[in-house]
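Okay, here's what each chain looks like letter by letter:
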Amino acid sequence: MRSFGLSTGKLLDLSEDQRAKIVDLVSQKAEPWVESENAGERIRGITLLGGMGATEAIPTAKRLFHDKTRTGSVWRSGRPSAEIYGVQEAAARALIRLIRVDAFPIIEEELPKANWHMREELLNVLRKLDTTAYELAESPDSATVVEMWKRLAEHSLDDIRHPALCEVLRRDDGTYLFDHPELIESESDSVRGTAVRLLAKLDSPTASTLLRKAITDKNETI
């Protein structure tokens, strides 16, 4: 949350009391929205409450996470048409902001039940906890995040396992990959590509051996 002086345009250093008053003001606006019959207003409301860190909204975010109101549909070549549940996604983002790693069990339980599009969206939400827009960012929760991705990397569903393996490898120092050298032959281009990018950073005979093996890969980017 950032506040600016209207007369100066400069960023204000808010006191705790001023911050609390702003949160209260915005919460008063947002609370009716999360109860609205309009899905767009529910999305707007829970997004604001999550962004403001309004901990009193945690029960609401948990409830809206199970709101599967259709807010659109998406189609991709080779995939069936899938419904989009924007309220569920917004609630998942709010949960990550409000309760951080405690949101993992809630979102993990939903992943196998979700359609392919919502699985992608929920996995993207889970990635938010220790990443910036493009890079990893060490956080107090990072060790727990790694354990979550390792857990999901053993999932039976490819749509969950392959993205999770990529996240494990992005955070790996080589230990996991050297224990699982078969990943260099994964059926997933993304997993093989992530493994090769990791190997390229490692200076060891094992890494060199696996890289030589990867040279024969038919995917030219690998």
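Quick notes on the rules
- Residues numbered from 1 in each chain as written.
- Predicted model: local features only at pLDDT ≥ 70, side-chain atom pairs only at ≥ 80, totals over all residues.
- Heavy atoms only, no water.
- Helix = DSSP H or I, 4+ residues; strand = E, 2+ residues; numbered from the N terminus.
- Buried < 20%, exposed > 50% of the residue type's maximum accessible area, 1.4 Å probe, protein only.
- Contact = heavy atoms within 4.5 Å.
- Areas by Shrake-Rupley, 256 points an atom, 1.4 Å probe, with all protein chains shown as cover.
- Lys, Arg positive; Asp, Glu negative; His and termini not counted.
- Charge placed at Lys NZ, Arg CZ, Asp CG, Glu CD.
- Phe/Tyr/Trp six-rings, centres within 6.5 Å; stacked < 30°, edge-to-face > 60°.
- Lys NZ or Arg CZ within 6 Å of the ring centre and 35° of its normal.
- Polar contact = N/O pair within 3.5 Å; in protein donor to acceptor, adjacent residues only side chain to side chain.
- Arc of directions from axis to C-beta.
- Core = buried A, V, L, I, M, F, W, Y, C linked by side-chain atoms within 4.5 Å.
- Axes fitted to C-alpha atoms, helices over the stretch in contact; angles between N-to-C directions.
- Parallel < 35°, antiparallel > 145°, perpendicular 65-115°, else oblique.
- Nonpolar A, V, L, I, M, F, W, Y, C, P; charged D, E, K, R; others polar.
- Left-handed = near helix turned anticlockwise from the far one by under 90°.
- Salt bridge = Lys/Arg side-chain N within 4 Å of Asp/Glu carboxyl O.

## Some points on the overall build of the protein
Right, so step 1: Per the secondary structure count, the protein includes 11 helices and two strands.
Right, so step 2: Counting from the amino terminus, helix and strand elements in the protein follow one another as α-α-α-β-β-α-α-α-α-α-α-α-α.
Right, so step 3: Principal axes of the C-alpha set define a box for the protein whose edges measure 60 × 40 × 30 Å.
Right, so step 4: Every one of the 222 residues in the protein was classed for burial, and the buried ones make up 45%.
Right, so step 5: Long-range pairs, those at least 24 residues apart, make up 54% of the contacts in the protein between residues at least 6 apart in sequence.
Right, so step 6: Of the roughly 12,800 Å² of accessible surface on the protein, 50% is carried by carbon and sulfur atoms.
Right, so step 7: Positive and negative side-chain charges in the protein, numbering 31 and 37 respectively, have mean positions lying 3 Å apart.

## Side note on the environment of Glu121
Right, so step 1: Here Glu121 shows up in helix α6 (residues 116–127).
Right, so step 2: Given a relative accessible area of 16%, Glu121 falls into the buried group.
Right, so step 3: Through-space distance from the C-alpha of Glu121 to that of Asp189 is 20 Å; in sequence the pair is 68 residues apart.
Right, so step 4: The contacts of Glu121, once residues within four sequence positions are left out, are Glu89 and Arg93.

## A closer look at the packing of aromatic side chains
By convention here, two paired aromatic rings are described through the distance between centres and the angle between planes.
Right, so step 1: Inspection of every chain in the model, using the stated rule, returns zero aromatic pairs.
Right, so step 2: One residue, Arg44, lies across the ring of Trp33, its end atom 5.0 Å from the ring centre.

## Description of the environment of Asp173
Right, so step 1: The residue Asp173 is located in the loop between α8 (158–170) and α9 (175–179) in this model.
Right, so step 2: It is 46 Å that separates the C-alpha atoms of Asp173 and Leu25, two residues lying 148 residues apart in sequence.
Right, so step 3: Within the structure, the side chain of Asp173 is placed 2.7 Å from the side chain of Thr175, a separation counted as a polar contact.

## Some points on helix α7 (residues 142–152)
Because each turn of an α-helix spans 3.6 residues, side chains separated by three or four positions end up pointing in the same direction.
Right, so step 1: Burial in α7 covers these residues: Ser142, Val145, Met148, Trp149 and Leu152. End-on, the buried residues of α7 take up no more than an arc of 115°, which puts them together on one face.
Right, so step 2: In this structure, the buried residues of α7 make contact with α5 (104–110), α6 and α8.

## Description of the side chain of Ser3
Right, so step 1: Position of Ser3 among the secondary structure elements: in the segment before α1 (16–34).
Right, so step 2: Those residues in contact with Ser3, other than ones at most four positions away along the chain, are Lys10, Leu11, Leu12, Leu14 and Ile22.

## Remarks on the nonpolar core
Nonpolar side chains in soluble globular proteins generally cluster together in the buried interior.
Right, so step 1: In terms of nonpolar packing, the biggest core is built from 57 residues, with Ile107, Leu126, Trp149 and Leu152 touching the most fellow members.
Right, so step 2: Here the element with the most residues in this core is helix α4 (residues 86–99); it accounts for nine residues.

## Quick word on unusual backbone geometry
Right, so step 1: Phi is positive for Arg100, close to 50°, though the residue is something other than glycine.
Right, so step 2: Note on placement: Arg100 falls in the loop between α4 and α5.
Right, so step 3: Taking the relative accessible area as the measure of exposure, Arg100 reaches 33% and is therefore partly exposed.

## What about the packing of α6 against α7?
Right, so step 1: With their axes 11 Å apart at the nearest point, α6 and α7 run at an angle of 155° to one another. It follows from the interaxial angle that α6 and α7 lie roughly antiparallel. Between α6 and α7, the contacting residues are Leu123, Leu126 and Arg127 on the first element and Met148, Trp149 and Leu152 on the second.
Right, so step 2: Considering only residue class, the contact of α6 with α7 consists of five nonpolar, no polar and one charged.

## Comments concerning the environment of Leu177
Right, so step 1: Note on placement: Leu177 falls in helix α9.
Right, so step 2: Since its relative accessible area comes to 0%, Leu177 is described here as buried.

## A word on the packing of α4 against α6
To describe two helices that pack against each other, one gives the angle between their axes and the distance between the axes.
Right, so step 1: One can describe the packing of α4 onto α6 by two numbers: an axis separation of 9 Å at closest approach and a directional angle of 15°. Our classification of the angle between α4 and α6 gives roughly parallel. The two elements α4 and α6 meet at a crossing, and its hand is right-handed. Counted together, Gln88, Glu89, Ala92, Arg93 and Ile96 of α4 and Met118, Glu121, Leu122, Val125 and Leu126 of α6 form the full contact between these two elements.
Right, so step 2: When grouped by side-chain class, the residues that make up the contact of α4 with α6 number six nonpolar, one polar and three charged.

## Focus: the pattern of salt bridges
Right, so step 1: Counted according to the given criterion, the structure contains 21 salt bridges.
Right, so step 2: A salt bridge links Glu35 to Arg63; its shortest N-O distance comes to 2.9 Å. Of this pair, Glu35 sits in the loop between α1 and α2 (39–51) while Arg63 is found in helix α3 (residues 58–64), placing the two residues 28 residues apart along the sequence.
Right, so step 3: On the accessibility criterion, Glu35 (53% relative accessible area) is exposed.

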